[in-house]
Amino acid sequence: MAATGMATAAGTAVLVYLVLSGRLCGDAAGGDDDRLISSAVSAAAEARRLRKEEARARRQRRRREARRWPERAPDGWGEAAAVAARTVRFTWAETLGKWALGELAFGMKYYMRQQGNMQHEYAGSDSVLLDGPEVRQELISLLKYLKQCMYFSKKQYSVFLEFGGYDQKDVLIKKSKARLLKPSFTVVRDRSSKCFLLFIRGAISVKERLTAATGAEVPFHHVVLQEGRVSSLVLGYAHCGMVAGARWIAKRAIPCLSKAVEQFPDYEVKIIGHSMGAGIATILTYILREDDKLSSSTCIAFGPAACMTWDLAESGKDFVTSIVNRNDVVPSLGLVSAAKLRTEVMASSWALDLRRQIQQTRFLGFVNRSVSFIRSHVPFISDPRSKVVDVDMLKSQSSEAGSKPSADTHAAVKKRPALVCWSCVAAQKQSAEYCKQTQDKENQTDTNVKTVKVTDEAAAELIDLPELSLQESDEDDADREEKDSALKEADGEEAMELIESLTDEKQELSPSTSAQEPHQLYPPGRILHMIGLQASEEATTSEQRAQEEVVTLYETPRHLYSKIRLARSMIGEHYMPKYIKTMEQLIEKLAEQDIENQLDSL
């Protein structure tokens, strides 16, 4: 307290002295002091303004960093949990958050049936047919690496070493346990081929699937080296989870590979992977080639995911070989291609076909009436704005309704089908939106009027939908007419409420979707596609088609993978056993062709 009092007294004395000295010295001295004081005040204000601007810039930078997807693997469990939660939200928003139940269950099936087999598109004029002894030898080498990759992914590590003919001295790195954005990989020395092989496992565990689901795009650039000098820079975007996984592997593999290449300068470095592992392998190859000692690294990618933009994918033709099997959907699966597919599904007439199926099929009619019954008795399910609840409701309650028929089914069945109502309104409104986007901006006013007319017609059709009943009621005709009229009014209000909810949802989602448009991703490098073409069009059954199918190999252009081509086998043909079977068929066919050519030459 004494020190504080002394400081206050001293300050007061100094202030009094300054005031008195200013008065005694005259106007000239007073003017100098005023200028000094004003300059000090302005300097303090400027410093305060700069501090505020710096604090504001730091806050904005933190917000940008929080919104930006991570480009490296998480350091601790806290970061891993945050990335996992964000990945789950992102995956939900891009899948079930966008795709309605009708589009998934019926729209894609109807569109697939209308589309037919699309493998002939990969054998078009832009593709190059590959055959001959050299191609066969290349396929034999690729098949060997594919089998080793399968053993590393599916079998125990000791079985993998035994199959490849390796011992513990040949193992340079072993990371068998995968974590979020930290894939499993190993580096071994192959003495027979004089290569250091780096195998990366695909998405098998839950953490690896979360890595594959982190599908947002992040900036990724590749520095091209020639003779130890930078020749060019390729800019682009790549898959977030795969970029983070590739950088995590590079941090651990580059020192080991650099020492190994120095010790064995005649050895090559090859990175091999399947599915998600193939996408990580290609990005890792880009990173390794930026190191002067590892600039000759090459990559073999089996069924690679669409993981990078066009320029980056084209720049890897000299050192990345991608192999695709028949109808494998993974090389063309991305945010942009999925959005294109959804637009095509919505524009198709699947809703009308679904209405006919419901009217003609007893099982679908029963499921639809069960849904209507549940919606009428459970309040929160009857809310038309809850599309997620509708999905869960139909999945869980369709079987329960078949096992427990209620006595009040007669009264609930008279309501219009909720599933048909939802599907028809959504499909007609979305198809109207699709047509609206394709027209010129000059006719925008007329298009809006037409959209409103289509919506009104859809509402009228929904109100006049035919009734579906399980059996005749024993009630009097008068009571039945009263109930029907009351139900018609209720259904009309429900239909209009559905239309309004869809309109409100569209208006709320349109600004956010147009603000950030994702980039189209492609499979990288040189693409070799194994295509199965029909030998004759007279085959009827699937077994006959499989027996008469001819497998050929084409080098295909990249633009063919900007679109998803639906097929019944598009998931099953992605797995490694299917790749192995197709490659073995192709090798046998090329061997037969070589024998025939030798006989013809004789």
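Reading the values: rules and limits
Residues numbered from 1 in each chain as written. Predicted model: local features only at pLDDT ≥ 70, side-chain atom pairs only at ≥ 80, totals over all residues. Heavy atoms only, no water. Helix = DSSP H or I, 4+ residues; strand = E, 2+ residues; numbered from the N terminus. Buried < 20%, exposed > 50% of the residue type's maximum accessible area, 1.4 Å probe, protein only. Contact = heavy atoms within 4.5 Å. Areas by Shrake-Rupley, 256 points an atom, 1.4 Å probe, with all protein chains shown as cover. Axes fitted to C-alpha atoms, helices over the stretch in contact; angles between N-to-C directions. Parallel < 35°, antiparallel > 145°, perpendicular 65-115°, else oblique. Left-handed = near helix turned anticlockwise from the far one by under 90°. Nonpolar A, V, L, I, M, F, W, Y, C, P; charged D, E, K, R; others polar. Pairing = 2+ DSSP bridges. Core = buried A, V, L, I, M, F, W, Y, C linked by side-chain atoms within 4.5 Å. Expected span 1.5 Å × (residues − 1). Bend = angle between axes of the 7 residues up to and from the residue. Patch = residues over 30% accessible without salt bridge, like charges linked within 9 Å, V, L, I, M, F, W, Y side chains within 5 Å. Salt bridge = Lys/Arg side-chain N within 4 Å of Asp/Glu carboxyl O. Phe/Tyr/Trp six-rings, centres within 6.5 Å; stacked < 30°, edge-to-face > 60°. Right-handed = clockwise from strand over helix to strand, strands pointing away. Polar contact = N/O pair within 3.5 Å; in protein donor to acceptor, adjacent residues only side chain to side chain.

Caption draft 1: Up close: the overall build of the protein. Looking only at helices and strands, one finds 20 helices and 13 strands in the protein. Within the protein, the proportion of its 602 residues that are buried is 44%. For the protein, the share of sequence-separated contacts (at least 6 apart) that also reach a separation of at least 24 residues comes to 77%. Total accessible area on the protein is roughly 33,200 Å²; 54% of this is exposed by carbon and sulfur atoms.

Caption draft 2: Just the packing of helix α5 (residues 133–154) against helix α6 (residues 157–164), in detail. At their nearest, the axes of α5 and α6 sit 8 Å apart, and the two run at 160 degrees to each other. By the angle between their directions, the pair α5 and α6 is classed as roughly antiparallel. As for the relative orientation of α5 and α6, their crossing is right-handed in sense. Only Y157, V159, F160, F163 and G164 of α6 make contact with α5, whose side of the interface consists of K147, Q148, Y151 and F152. Class assignment for the residues of the contact of α5 with α6 results in six nonpolar, two polar and one charged.

Caption draft 3: Up close: the side chain of S127. Mapped onto the fold, S127 is located in the loop between α4 (101–115) and β1 (128–130). Not counting chain neighbours up to four residues away, the residues in contact with S127 comprise Y122, Y554, E555, T556, P557 and L560.

Caption draft 4: Highlighting the sheet that holds strand β13 (residues 549–555). Across the sheet, which stays open at both edges, the nine strands sit in the order β1-β13-β12-β11-β10-β9-β4-β3-β2 with mixed pairing between neighbours. Only two strands of the sheet have a single neighbouring strand rather than two, namely β1 and β2 (171–175). In this sheet, adjacent strand axes meet at a mean angle of 25 degrees when their direction is disregarded. As judged from the five bridges shared by strand β11 (residues 320–325) and strand β12 (residues 526–534), these two strands associate in the parallel manner.

Caption draft 5: Focus on the nonpolar core. One finds L198, I200, I249, L257, I283 and L284 to be the most contacted residues of the largest nonpolar core, which totals 72 residues. Counting residues per element, this core draws most heavily on helix α8 (residues 240–263), at 13 residues. Not counting the four nearest positions on each side in its chain, I283 is found in contact with F220, A238, M242, V243, A246, C307 and M308. L142, L146, C195 and L590 belong to the second largest nonpolar core, which has 41 residues in total.

Caption draft 6: Geometry of α4. In this model α4 runs 20 Å from its N-terminal to its C-terminal C-alpha over 15 residues, within 8% of the 21 Å that 1.5 Å per residue would give. Of all the bends in α4, the greatest, near 40 degrees, is centred on G107. Of the residues making up α4, those classed as buried are L101, G102, E103, F106, G107, M108, Y110, Y111, M112 and Q115. With its phi angle positive at about 80 degrees, G116 sits one or two positions after the end of α4.

Caption draft 7: Representation of a nonpolar patch on the surface within the structure. A cluster of nonpolar residues, I595, L599 and L602, forms a patch on the protein surface that exposes about 390 Å² of accessible area. Looking at the secondary structure, you find I595 in helix α20 (residues 576–601).

Caption draft 8: Inspection of the pattern of salt bridges at higher detail. One pass over the structure, following the stated rule, counts 16 salt bridges. Of the charged contacts in the structure, one is a salt bridge between R191 and D170, with a shortest N-O distance of 3.1 Å. Taken together, the residues span a long stretch of sequence, with R191 in the loop between β3 (185–190) and β4 (195–200) and D170 in the loop between α6 and β2 at a distance of 21 residues. The class of R191 is partly exposed, set by a relative accessible area of 45%. Residue E314 pairs with K317 through a salt bridge whose shortest N-O separation is 3.5 Å. Residue classification places E314 among the partly exposed residues on the basis of a relative accessible area of 27%.

Caption draft 9: Examining the packing of aromatic side chains more closely. Inspection of every chain in the model, using the stated rule, returns 15 aromatic pairs. For the ring pair Y151 and F163, a centre distance of 4.1 Å and an interplane angle of 5 degrees mean the geometry is stacked. One end of the pair, Y151, is in helix α5; the other, F163, is in helix α6, with twelve residues separating them in the sequence. F163 gets classed as partly exposed once you look at its relative accessible area, which sits at 37%. Considering the side-chain rings of Y157 and F160, the 5.5 Å spacing of their centres and the 50 degrees angle between planes classify their relative orientation as tilted. Note that Y157 and F160 are positioned in helix α6 at a spacing of three residues, about one turn of the helix. One exposure class covers both Y157 and F160, and it is buried.

Caption draft 10: Seen up close, the packing of α4 against helix α11 (residues 335–347). With their axes 9 Å apart at the nearest point, α4 and α11 run at an angle of 85 degrees to one another. Between α4 and α11, the interaxial angle falls into the category roughly perpendicular. For the pair α4 and α11, contact is made by E103, G107, M108 and Y111 and by L341, R342, E344, V345 and M346, respectively. In terms of residue class, the contact of α4 with α11 is made up of five nonpolar, one polar and three charged.

Caption draft 11: Region of the structure containing α11. The terminal C-alpha atoms of α11, which comprises 13 residues, lie 18 Å apart, in line with the 18 Å expected from a rise of 1.5 Å per residue. Among all positions in α11, only V336, S337, A338, L341, R342, V345 and M346 are buried.

Caption draft 12: Layout of the pairing of β3. Where burial is concerned, most of β3 is hidden: six out of the six residues are buried. Alternating positions in β3 separate into two faces, F185, V187 and R189 on one and T186, V188 and D190 on the other, with burial throughout. As paired elements, β2 and β3 share four bridges and run antiparallel to each other. Counterpart to V171 in the pairing with β3 is V188. As defined by bridge partners, β3 adjoins β4 across six bridges and the pair is classed as antiparallel. Looking at β4, one finds that F185 is bridged to I200.

Caption draft 13: Quick peek at the pairing of strand β9 (residues 268–274). Of all seven residues that make up β9, six are buried, and the element is covered over most of its length. As judged from the six bridges shared by β4 and β9, these two strands associate in the parallel manner. From the neighbouring strand, C195 faces β9, where its bridge partner is E268. Where β9 meets strand β10 (residues 298–302), five bridges bridge the pair, whose relative direction is parallel. In the sheet register, I272 faces β10, and the bridge partner there is I300. A crossover links β9 with its parallel partner β10, the connecting element being helix α9 (residues 276–288), and its sense is right-handed.

Caption draft 14: Region of interest: the side chain of S184. By secondary structure assignment, the location of S184 is in the loop between β2 and β3. By relative accessible area, S184 is classed as buried at 1%. Within the local environment of S184, its side chain forms a polar contact with the backbone oxygen of K175, the two atoms lying 2.7 Å apart. For S184, the contacting residues outside a window of four places in its chain are F152, K175, S176, K177, A178, F199, I200, R201 and E208.

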